[in-house]
Amino acid sequence: MKIVFCCTNTKAEPWLEGFRQALPGVDIWEWQAAQPGEAPKLADHAVVWSPPQSFLDEQTELQTLFNIGAGVDALLKLKMPDSLHIVRLNDAGMSVQMAEYVCHAVIRYFRELDQYDKDAQAQRWSYRKPTLRADFSVGILGAGVLGSHVAQTLQTFAFPVNVWSRSPKHIAGVKSFSGVAQLPEFLKATRVLVNLLPLTPETENILNRDHFMQLQKGAYLINVRCAKKALRKLPARSKRCTLVRPLKAASTKSVAIEQRASMTLPSRVKLVDVGPRDGLQNEKQAVPAAVKIELVHRLQAAGLKNIEVTSFVSPKWVPQMADNAEVMAGIQRQAGVRYSVLTPNMQGYQAAVHSQPDEIVVFAAASEAFSQKNINCSIEESIQRFAPVVEAARAAGIYVRGAMSCVVGCPYEGEVAPSQVGRLAQLMKSIGVQHVGVADTIGVGTPLKVKAAMAATLQHFDVNDVSGHFHDTYGQALSNTLASLELGVWQFDTSVAGLGGCPYAKGATGNVATEDVVYMLHGMGIDTGIDLDKLVDAGAYISDFLQRKSGSRVATAIMNKRLG
């Protein structure tokens, strides 16, 4: 048996080592493109992460393709032999990804289903599943293995589903249509049509003009596999339906859809200001407890309802937080404001609980190297360390939030794969963490990479239990915030005046400035409940104390305008 690895967007070494240990004596190697005139080395099986078409063209004797990273849309674009068996590793599987993709498209584009703007009551959000009309259905063209899995998974999301195939096929619990004679009836009953049929001589006439016109007006077509030239023959979409197309996916990216200018975004966003804790923890000069307390007071006066105040860590490692109990005791608490603290272990929790926090934060990294550098243990060991903390906090009625650091990049390992993020999210979920923050700790993320990390997290947590935490090292934090909004994420960590950094991530600059995020959101018509002028004043207060300019461009512009 011969196994080849083709991992274009992740490191193959851990996989190679694991397989060699598990399969001693088996010929296992990492693929490199054959040089001109050189005979390629052929394998029986392949483990791949976003393989190029040249790899599949070269490896003509493959029996099985074990996919560890590519999204569904990336795989579907590749030309593969019909005899090749594809196995998905590491996550819920290709069919579940496809079903989530369909549901996401439906919720985004079928406006009647979107309930986000109705869920803000008493400044608290809750997600309610879409209320489906009795005459609504998702129709799937193609009842093969993928179509059957998508149909069955869609049912778990409470969507009524119909499928059509050329020959009769039975799928438990799904209404099935077959043959050309039943195609008009199938189309008339469909509000969102999902095409999983590749363009072949047998199928190229299925989506013709006459059949297309059987769709209800205002329907949506999600085209996954049909060639573009077939779509050109259809009538103007504005008269009949809207075409929802997959994006050209990055190799590490889960399936996504093209967003229209009129896409639905959350009408309200919750911001957690982490300036007093994450923002100040790396300051070299001592910041007195009185200054920290006044900063918290100014933030809550500006309308912040969620403030990360301090951390109960060893003063040996983070001396700036040695006054944690004094700061918590000195705050004049305001009704409706949630005060959170970071606790790295049981000792920290036991010290923190006396200060009566509303929420505790535990943290782990998606990078093994960063975990060792940061808290001197592996990811698995960190989760085991947090388990009793989470259990004790929840037993005491204290909300538990988890911070997942280095989700797209690590200063020691480099790029971090979405599968590593999904694994960490799953571990967090397993010990009872109620909410996770997806953190680009060193600020190297770009929108597609952040979306991939978010998508991996959303496989384990509901969208209402996920937030973004972006550093602005490369000036991408606002872009990454907008990309997350497009996925439905409506909670974000920010830091007043752009304070922050990371003591274990050399070169990492501050968190995205709260002022900048608020300005962007208000400009988009999204409510935050925050008074921007008062927020700028809070940032000016701490910046003056630190004797440096604010890290917020918005705050700088507003202050200059005031002077003018």
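Residues numbered from 1 in each chain as written. Predicted model: local features only at pLDDT ≥ 70, side-chain atom pairs only at ≥ 80, totals over all residues. Heavy atoms only, no water.

**Some details on the side chain of glutamate 359**
Then, in step 1: Along the chain, glutamate 359 turns up in strand 17 (residues 359-365).
Then, in step 2: We classify glutamate 359 as buried; its relative accessible area is 4%.
Then, in step 3: Engagement of the side chain of glutamate 359 in a polar contact is seen with the side chain of arginine 401, the distance being 2.8 Å.
Then, in step 4: In contact with glutamate 359, not counting residues within four places along its chain, are Arg338, Tyr339, Ser340, Val341, Ile398, Tyr399 and Arg401. (Helix = DSSP H or I, 4+ residues; strand = E, 2+ residues; numbered from the N terminus. Buried < 20%, exposed > 50% of the residue type's maximum accessible area, 1.4 Å probe, protein only. Polar contact = N/O pair within 3.5 Å; in protein donor to acceptor, adjacent residues only side chain to side chain. Contact = heavy atoms within 4.5 Å.)

**Some details on the environment of arginine 191**
Then, in step 1: Note that arginine 191 resides in the loop between helix 6 (179-188) and strand 11 (192-195).
Then, in step 2: Exposure remark for arginine 191: the relative accessible area of 8% places this residue in the buried category.

**Quick notes on unusual backbone geometry**
Then, in step 1: In this model, glutamine 356 sits at a positive phi of 55°, which is unusual for a non-glycine residue.
Then, in step 2: Structurally, the position occupied by glutamine 356 is in the loop between helix 13 (346-352) and strand 17.
Then, in step 3: Although it is not a glycine, cysteine 406 adopts a positive phi angle of roughly 55°.
Then, in step 4: Relative to the assigned elements, cysteine 406 resides in the loop between strand 18 (399-405) and strand 19 (409-410).

**Looking at helix 19 (residues 514-523)**
Then, in step 1: Burial analysis of helix 19 places 7 of its 10 residues in the buried class, which makes it a mostly covered element.
Then, in step 2: Where helix 19 is buried, its residues contact strand 14 (270-273), helix 18 (477-486), strand 23 (491-494), helix 20 (532-546) and helix 21 (553-563).
Then, in step 3: Glycine 525, located one to two residues past helix 19, shows a positive phi value of around 80°.

**Some words on the pattern of salt bridges**
Then, in step 1: Counted by the stated rule, this structure contains 16 salt bridges.
Then, in step 2: When the shortest N-O distance is used, the salt bridge between arginine 298 and glutamate 294 registers 3.0 Å. In this pair, arginine 298 and glutamate 294 both sit in helix 11 (residues 289-301), 4 residues apart, roughly one turn of the helix.
Then, in step 3: Taking relative accessible area as the criterion, arginine 298 reaches 31% and is therefore assigned partly exposed.
Then, in step 4: The exposure class assigned to glutamate 294 is partly exposed, which follows from its relative accessible area of 29%.
Then, in step 5: Beyond isolated ion pairs, a larger network of salt bridges with shared partners links Arg277, Asp278, Glu308, Arg338, Glu359, Arg401 and Asp493. (Salt bridge = Lys/Arg side-chain N within 4 Å of Asp/Glu carboxyl O.)

In short, geometric facts, not functional conclusions.
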